[in-house]
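Architecture at a glance
Spelled out, the chains give:
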Amino acid sequence: AGQTPFWLACREGHLPVCMLLKERFNCNVNARTLDDRPPVWIAAYMGHLEILKYLIVDCEVDCEARCSAGTHGTTVLGAAKAQEHTECILWLEDVIQIKHKKKAKNRLKGAAGAIRAGVRLQQHHGEVMFTPDDVRNALAALDNKRAAELKKKEAAEAKRNARYQEMLDQGKKAMQDKQEKEKEALAQGADKADGLGLGVGGETFDVDEVAKAKADAERAEASRVQYGESGPVRIGTADRGDTGVRR
């Protein structure tokens with residue numbers, strides 16, 4: 001009960017019908033019967049290897065799908081072993097081993113894509129024929145491609161790191177050169193101060209303090225010249241009228 005046309009085509013081993021139903025009508029490839037048996041399980045139980053390959057590789061059905069029927073094995077591999085379908089057993093074991101080794105179902109998706117792209121896909125009387133070696137070769141090709149991409153990425157990263165380190169070294173060198181120039185300028189300034197007599201008894205004075213003292217002395221001299229030694233003198237208004245300053 002609950003058997004869909006696709007499920008029945010899988011049970012009878014009609015691969016062209018399965019492909020037609022999937023590609024033209026987009027039927028559910030995982031539709032189970034009322035007793036919980038999926039199409040991939042019945043294909044393994046009936047020993048239809050090409051149906052298994054189509055479901056697992058092209059339709060991306062789980063190769064370890066389980067059912068609760070229980071009388072003939074709860075897994076796809078168990079269903080094949082229950083009826084001693086040797087070819088199905090060997091192929092399923094290879095596929096399951098590849099799946100576990102790669103630790104992801106999308107690896108089989110990539111393998112299916114590589115096979116469809118021409119790794120080895122043959123058609124004979126409407127049936128799609130490919131072997132577990134095709135899957136292994138496709139996965140190996142994917143590994144090589146990803147290894148090359150990783151190597152390229154690592155090389156680019158190493159180049160960026162080298163450039164960054166070079167920039168850091170240039171910055172450090174520029175800072176060191178600046179510090180050296182500042183030290184030289186300070187040393188030249190100290191020698192010039194000694195030559196101008198700004199050092200007394202081995203003691204040196206701050207240049208800003210010397211400049212300030214010089215400015216104060218100039219202002220005092222200007223005041224002395226304008227007002228005389230005693231500075232400005234104010235007198236009463238009775239002596240000189242309203243001027244208030246003795247000339």
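The rules we used
- Residues numbered from 1 in each chain as written.
- Predicted model: local features only at pLDDT ≥ 70, side-chain atom pairs only at ≥ 80, totals over all residues.
- Heavy atoms only, no water.
- Helix = DSSP H or I, 4+ residues; strand = E, 2+ residues; numbered from the N terminus.
- Buried < 20%, exposed > 50% of the residue type's maximum accessible area, 1.4 Å probe, protein only.
- Contact = heavy atoms within 4.5 Å.
- Areas by Shrake-Rupley, 256 points an atom, 1.4 Å probe, with all protein chains shown as cover.
- Core = buried A, V, L, I, M, F, W, Y, C linked by side-chain atoms within 4.5 Å.
- pLDDT = per-residue confidence, 0-100.
- Axes fitted to C-alpha atoms, helices over the stretch in contact; angles between N-to-C directions.
- Parallel < 35°, antiparallel > 145°, perpendicular 65-115°, else oblique.
- Left-handed = near helix turned anticlockwise from the far one by under 90°.
- Nonpolar A, V, L, I, M, F, W, Y, C, P; charged D, E, K, R; others polar.
- Salt bridge = Lys/Arg side-chain N within 4 Å of Asp/Glu carboxyl O.

Description of the overall build of the chain
- Secondary structure summary: the chain contains ten helices and four strands in total.
- Start at the N end of the chain and walk to the C end: the helices and strands fall as α-α-α-α-α-α-α-β-β-α-β-β-α-α.
- Going through the 247 residues of the chain one by one, you find that 26% of them count as buried.
- Counting only contacts in the chain whose residues sit at least 6 apart along the sequence, the fraction spanning at least 24 positions is 62%.
- Surface accessibility of the chain: about 17100 Å² in total, with carbon and sulfur atoms responsible for 52%.

Focus on unusual backbone geometry
- Phi at Asn26 takes a positive value of approximately 50°, unusual for a residue other than glycine.
- Inspection of the secondary structure assignment puts Asn26 in the loop between α2 (15–25) and α3 (39–46).
- Judged by relative accessible area, which is 58%, Asn26 ranks as exposed.
- Not every positive phi belongs to a glycine, and Glu60 is a case in point at roughly 60°.

Overview of the nonpolar core
- Within the largest apolar cluster, 38 residues are counted, with the highest numbers of intra-cluster contacts made by Phe6, Val40, Leu52, Leu55, Trp91 and Leu92.
- The set of elements that each furnish at least two residues to this core consists of α1 (5–12), α2, α3, α4 (49–58), α5 (76–82) and α6 (86–102).
- The element that contributes the greatest number of residues to this core is α4, accounting for seven residues.
- When neighbours within four sequence positions are excluded, Val40 is seen to be in contact with Leu52, Leu55, Ile56, Val61, Asp62, Ala65 and Val76.

Considering the confidence of the model for the chain
- Looking at the chain, pLDDT values average 75 and 64% of them are 70 or higher.
- Considering only residues more than four positions removed or in separate chains, one finds that residues 117–129, a stretch of pLDDT under 50, has 25 contacts.
- Under a pLDDT of 50 for its full length, residues 233–247 has, in the predicted model, seven contacts with residues more than four places off or in other chains.

Regarding the packing of α2 against α4
- With their axes 10 Å apart at the nearest point, α2 and α4 run at an angle of 20° to one another. Taken together, α2 and α4 sit at an angle that is classed as roughly parallel. For the pair α2 and α4, the crossing hand works out as right-handed. Every residue of α4 that contacts α2 at Leu15, Cys18, Met19, Lys22 and Glu23 is listed here: Glu50, Ile51 and Tyr54.
- Of the residues assigned to the contact of α2 with α4, the class counts are five nonpolar, no polar and three charged.

Details of the pattern of salt bridges
- Following the criterion strictly, the structure yields seven salt bridges and no others.
- A salt bridge links Glu12 to Arg11, with the nearest nitrogen and oxygen atoms 3.1 Å apart.
- For Glu12, a relative accessible area of 43% gives the class partly exposed.
- Classification of Arg11 as partly exposed rests on a relative accessible area of 27%.
- Where Arg160 meets Glu157, a salt bridge forms, and the shortest distance between an N and an O atom there is 2.4 Å. With Arg160 and Glu157 both in helix α8 (residues 132–195) and three residues apart, the pair spans about one turn of that helix.

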